[in-house]
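This is what each chain is made of:
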Amino acid sequence: VKFQGHDVIIDSDDIKENNLLKIQVILSYLSFIIFGLSDQTIGVLIPVFVKDYEMKESTISLLYFAQFFGYFIISVFNDYLHRLMGFHGVLVTSVGLIGTCSFIGMFKPPFFVLIIGYVLCGIGVGAQDAAVGVWLGKLKYSNELSGLLHASYGVGCIVTPIFVTKVLLNNNISWRYHYLIIFMLAMVVSIIDFFVFKHESKWKYRFQVEENKSEENESENDGNANESSGIRNAIKNKKVLGLALFLFLYVGTEVSIGAWTLSYLIKIKNGTMDQMSVVISMFWFGLTLGRIVLGFVTPKLSSEYLANMIYESLSIVFFVLFCLGSSYWLFIATVFLTGVFIGPIFPTTTIYSVKILPVQLHVSGVGFAMALGGGGAAVLPWLMGNLCELWGSFRLYPYFVVLFL
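These numbers come from a predicted model, not from an experiment.

Q: Give me the lowdown on the nonpolar core, citing residues and values where you can.
A: Formed by 108 residues in total, the largest nonpolar core has its most connected members in V25, F49, Y118 and F322. There are two domains that each give this core at least three residues, and those are domain 1 (11-213) and domain 2 (237-404). For F49, the contacting residues outside a window of four places in its chain are E54, I60, L63, L114, W175 and Y179.

Q: Got a sec to walk through the domain arrangement of the protein? Specific residues and values, please.
A: The domain architecture assigned to the protein consists of domain 1 (11-213) and domain 2 (237-404). On a C-alpha basis, the centroid separation for the pair domain 1 and domain 2 is 19 Å. With 47 residues of domain 1 at the interface, the matching set in domain 2 holds 50 residues. Each partner contributes to the roughly 4200 Å² buried at the junction of domain 1 and domain 2, and carbon and sulfur atoms together form 70% of this total. Area buried by domain 1 at its contact with domain 2 is led by E57, Y64 and N143, which between them contribute 14% of it. Where domain 1 meets domain 2, there are zero salt bridges. The interface formed by domain 1 and domain 2 holds five residue pairs in polar contact (both at pLDDT 80 or more) in total. Taken together, the elements giving at least two residues each to the side of domain 1 that touches domain 2 come down to helix 2 (41-52), helix 3 (57-60), helix 4 (62-105), helix 5 (111-137), helix 6 (142-168) and helix 8 (202-219). Sort the elements by how many residues they give to the side of domain 1 that touches domain 2 and helix 6 lands first, with 17 residues. Residues that form the side of domain 1 that touches domain 2 fall into these classes: 21 nonpolar, 18 polar and eight charged.

Q: Talk me through the pattern of salt bridges; I want residue IDs and the actual numbers.
A: Considering all chains together, one arrives at three salt bridges under this definition. Of the charged contacts, one joins K140 and D14 as a salt bridge, the two residues approaching to 3.6 Å between their closest N and O atoms. Of the two residues, K140 sits in the loop between helix 5 and helix 6 while D14 sits in the loop between strand 2 (6-7) and helix 1 (19-39), which places them 126 residues apart along the sequence. E254 is the salt-bridge partner of R291, the closest N and O atoms lying 3.2 Å from each other. Placement of R291 in helix 11 (residues 273-297) and of E254 in helix 10 (residues 238-267) is noted, with a sequence separation of 37 residues between them. Taking the relative accessible area as the measure of exposure, R291 reaches 2% and is therefore buried. You can call E254 buried: its relative accessible area is 5%.

Q: Now, about the confidence of the model for the protein: what can you tell me, with residues and values included?
A: Averaged over the protein, the pLDDT score is 83; the fraction of residues at 70 or greater is 90%. For residues 219-227, every residue scores under 50 in pLDDT, and the model assigns this stretch 14 contacts once sequence neighbours within four places are set aside.

Q: Describe the environment of V297, naming the residues involved and giving the relevant values.
A: Mapped onto the elements, V297 comes out in helix 11. Classification of V297 as partly exposed rests on a relative accessible area of 33%. Sequence-wise, V297 and P109 are 188 residues apart; in three dimensions their C-alpha atoms are separated by 45 Å.

Thresholds, definitions, all that
Residues numbered from 1 in each chain as written. Predicted model: local features only at pLDDT ≥ 70, side-chain atom pairs only at ≥ 80, totals over all residues. Heavy atoms only, no water. Core = buried A, V, L, I, M, F, W, Y, C linked by side-chain atoms within 4.5 Å. Buried < 20%, exposed > 50% of the residue type's maximum accessible area, 1.4 Å probe, protein only. Domains from an automatic or database assignment. Contact = heavy atoms within 4.5 Å. Buried area = accessible area lost by both parts, 1.4 Å probe. Salt bridge = Lys/Arg side-chain N within 4 Å of Asp/Glu carboxyl O. Polar contact = N/O pair within 3.5 Å; in protein donor to acceptor, adjacent residues only side chain to side chain. Helix = DSSP H or I, 4+ residues; strand = E, 2+ residues; numbered from the N terminus. Nonpolar A, V, L, I, M, F, W, Y, C, P; charged D, E, K, R; others polar. pLDDT = per-residue confidence, 0-100.

What follows is the structure, given as structure tokens:
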């Protein structure tokens, strides 16, 4: 179709009928694997960074704040960037920024330079998280596809602890090679995205917003259709604020488990880094499997809200059992099941937000909510680490996790 003098390609949103869409979805999954590889790096390398940079764990955890700062910056400009570059430009740039952070990290720079790198990483993952989540949420079979998308993130999180400890550190190979691999993967995927998503232009984004706005103006009289797509209106929307608070607590708790459980198992349960890194990987494996399997279960329940209530309750039960355990295999079993039920909460919430928010607030509203989720990923791990350090014991860590869950 023609829109403001430009060609806009509108194709089927059914992945079974559209071969190009199949390739695009696979590429979005690859970008989220890279997201997971990068996101879990800080938690795994905290014990190493403490030695190499000669800093406290609480200081190293400032990297989470740096990533949140980037996440928050991009939340303000998400809708503007989509209008400026389209989904195509946002996706290519976001993957490239994750690669840029890894490029900086592989040189073992001064710590303040690494912080700057993680600000760029936060901008990248924040833009990617919101853009891909909304894009996928509008497709047919969105629950299933979104579950697989966020399972891809889990795949990256599974690989990082095992690769860093078993392949690199155990063989006296520098952790900097982990950053090198992420950089190379990000650059390759970013280049392929440039060609495969070329029809997802700024004109297509503007056309879809205007088309949906016209449809809502015809069918609704409650005023929601006239809402601006800007960040100011997103912040004023009570549903957006509710989603933001929920994601703040959820994402913060999920990242805290990935970040501090290894330290907890080593210091309180007297485990070794070699063994306990496998336990952490089992958490991410459970999270990944939960997003795949339960992504197909959620549509059979009456609502995403009910599904999340069930998943949250079961995740608390298994995490408490994990904390009460004392054997290696019990740690593995209970942390795996914790991950299974924590896993689908994020993609289910993303789909739910697309359903309840007006289309004008899909990018800005979901982007803002995810930015606050990124805030939780920075604030809660930092808060847990500092409080445990302040009171001199990681025994308090399980209580904080259960409280936030």
